[in-house]
Amino acid sequence: MSTNMRVWQLTAADGAYRLEQTTRPIPEPAAGRVVVRVRATSLNYRDQINLKKLVGREVAGRIPLSDGAGEVVAVGAGVTRVKVGDRVAGCFFQSWICGRFEMRHHQQDLGGTIDGMLCEYADLSADGVVAIPAHLSYEEAACLPCAGLTAWYALMNRGGLRSADSVLVLGTGGVSIFALQFAVAMGCPVYVISKSDAKLERCRSLGAVHTVNYLTNPDWDREIWKLSGQKGIDQIIEVGGPGTLGKSLGCVAPGGHIALIGVLTGFGPPQSSLFSLVGRNANLSGIYVGSRTDFEAMNHFLEIRQMRPIIDQSFGFDEAPAAYEYLASGDHLGKVVIRV
Ligand SMILES: NC(=O)c1ccc[n+]([C@@H]2O[C@H](COP(=O)([O-])OP(=O)(O)OC[C@H]3O[C@@H](n4cnc5c(N)ncnc54)[C@H](OP(=O)(O)O)[C@@H]3O)[C@@H](O)[C@H]2O)c1
């Protein structure tokens, strides 16, 4: 049996990075660690940020991707939390178990500061994995660690979602479609904006009640405000950032909650005043994924509701660069997966 495994790593190229396939020794688990035979991974916009060096992060030589699922094939000394054969997913922040976020967790983010999941065997902390719901395939479970948990943490933990709350999701990417699914499962009226009428139709089939095309309707905040009967939206999944925050503020309900998650319009300062936040007594939360405890709570909800992540397309391991390009095209709805 080979003692090497196939991995993809990020290699410096033209001021950013490119994907390079290579081999490394299959890891042996040290004390307190586990080795997982990775079966599937998924992509997030963050993986584009790292590849294109959009925030200047140094990731040369790093195995990319925070998200993956597989089975435990070896455990190190002292590990009792998991055993060989368990079906698990890695936690985005390997060290964030519960409670409030601490800055030290930034040193423990898979596919960022430490090696990620785009490999055949991943060496993880025994505390940094969670059991995956029995009804999910590895491909489905690989969608959960970043996009799924971010949507869950934003709505349930930080937003305290109630069934009567209206929810607005921006676009139809990984985080937004998970948020739509959670909100629909809770019985909330869901609003979606997208650049594509076909995607909006799909969102209606998933349970969205109001949809607006933000290309043909650039003043989408006014349209959403009208559609809400001028009550505004209770919970907004803000994945756009500086270019959309002003509009989210334009349609948030008094006392409502904006979960500031994403940077799809860049990393600059907000392009409009934040004063509506005050005028509406609204809440703005910075969201960064979630803890293992939130992940476990989400998995419990998924099991009870028998919910499944929505996978747009699945690629083979050797097709990783094509998967990255497909995510960058913005043509997808939901998640893009790479099988291992
Ligand atoms: N803070 C965190 O913990 C965290 C976690 C996960 C993701 N994020 C961030 O959240 C964002 C989304 O991530 P993702 O992985 O879900 O991305 P993704 O799957 O690549 O989704 C991108 C989609 O967003 C929509 N979009 C793009 N520009 C938009 C705009 N100006 N207004 C409204 N919608 C727009 C498009 O959907 P349509 O085609 O439907 O228009 C696009 O297909 C990214 O900025 C990512 O970095 C943050």
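Conventions adopted
Residues numbered from 1 in each chain as written. Predicted model: local features only at pLDDT ≥ 70, side-chain atom pairs only at ≥ 80, totals over all residues. Heavy atoms only, no water. Domains from an automatic or database assignment. Contact = heavy atoms within 4.5 Å. Buried area = accessible area lost by both parts, 1.4 Å probe. Axes fitted to C-alpha atoms, helices over the stretch in contact; angles between N-to-C directions. Helix = DSSP H or I, 4+ residues; strand = E, 2+ residues; numbered from the N terminus. Parallel < 35°, antiparallel > 145°, perpendicular 65-115°, else oblique. Left-handed = near helix turned anticlockwise from the far one by under 90°. Nonpolar A, V, L, I, M, F, W, Y, C, P; charged D, E, K, R; others polar. Pairing = 2+ DSSP bridges. Phe/Tyr/Trp six-rings, centres within 6.5 Å; stacked < 30°, edge-to-face > 60°. Lys NZ or Arg CZ within 6 Å of the ring centre and 35° of its normal.

### What about the domain arrangement of the protein?
- Partitioning the protein into domains gives domain 1 (4-143 + 309-339) and domain 2 (149-286).
- Measuring from the centre of the C-alpha atoms in domain 1 to the corresponding centre in domain 2 gives 28 Å.
- Counting residues at the interface gives 14 residues for domain 1 and 15 residues for domain 2.
- Interface of domain 1 and domain 2: buried area, both sides summed, is about 1,200 Å²; carbon and sulfur atoms make up 72% of it.
- Together, Y45, I310 and L333 form the three largest contributors to the area buried by domain 1 at its contact with domain 2, with a combined 45%.

### Some details on the packing of helix α3 (residues 144-158) against helix α4 (residues 174-185)
- Two elements in contact, α3 and α4, have axes separated by 8 Å at closest approach and are oriented at 50 degrees. Overall, the two elements α3 and α4 adopt an arrangement that is oblique. Classified by chirality, the crossing of α4 by α3 is right-handed. Where α3 abuts α4, its residues L144, A147, G148, T150, A151, W152, L155 and M156 lie against G174, V175, F178, A179 and F182.
- Taken together, the residues of the contact of α3 with α4 break down into ten nonpolar, three polar and no charged.

### A word on the packing of α3 against helix α9 (residues 292-305)
- One way to put it is that α3 packs onto α9 with a least axis distance of 9 Å and a crossing angle of 90 degrees. In terms of orientation, α3 lies roughly perpendicular with respect to α9. Note on element contacts: α9 touches α3 through D294, F295, A297, M298, N299, F301 and L302, opposite L144, P145, G148, L149, W152, Y153 and N157.
- Residues belonging to the contact of α3 with α9 are distributed by class as follows: ten nonpolar, three polar and one charged.

### Description of the sheet that holds strand β11 (residues 233-238)
- Spatial ordering of the open sheet is given by β10-β9-β8-β11-β12-β13, a layout of six strands whose pairing is parallel. Each edge of the open sheet is held by one strand with a lone partner, namely β10 (210-213) and β13 (283-286). Strand-to-strand twist of the sheet, defined as the mean angle between neighbouring strand axes without regard to direction, takes the value 15 degrees.
- Where strand β8 (residues 167-170) meets strand β9 (residues 190-194), four bridges bridge the pair, whose relative direction is parallel. Bridge pairing in β9 links L170 to I193.
- Helix-sheet contacts for helix α6 (residues 220-227) involve β8, β9, β10, β11 and β12 (252-260), and the interaxial angle to β10 is about 160 degrees.

### A few points about the pairing of strand β2 (residues 16-25)
- Note: strand β1 (residues 4-13) against β2, ten bridges, orientation antiparallel. Opposite M5, over in β2, you have R24 as the bridge partner.
- If you look at the hairpin formed by β1 and β2, you'll find two residues sitting between the two strands, and D14 has a positive phi there, around 50 degrees.

### So, the packing of aromatic side chains
- All chains considered together, the criterion is met by 14 aromatic pairs.
- Taken together, the ring pairs in this structure connect F92, F93, W96, F101, Y153 and Y288 into an aromatic cluster.
- Stacked on the ring of Y121, the Lys or Arg R37 has its end atom at 5.5 Å from the ring centre.
- Sitting above the plane of the W225 ring, R280 keeps its charged end 4.9 Å from the centroid.

### Quick look at the environment of A134
- As for its position among the elements, A134 is in the loop between β7 (129-131) and α2 (138-141).
- Spatially, the C-alpha atom of A134 lies 43 Å from that of Q230, the residues being 96 residues apart in sequence.
- Among all residues touching A134, those that are not within four sequence positions of it are R87 and E303.

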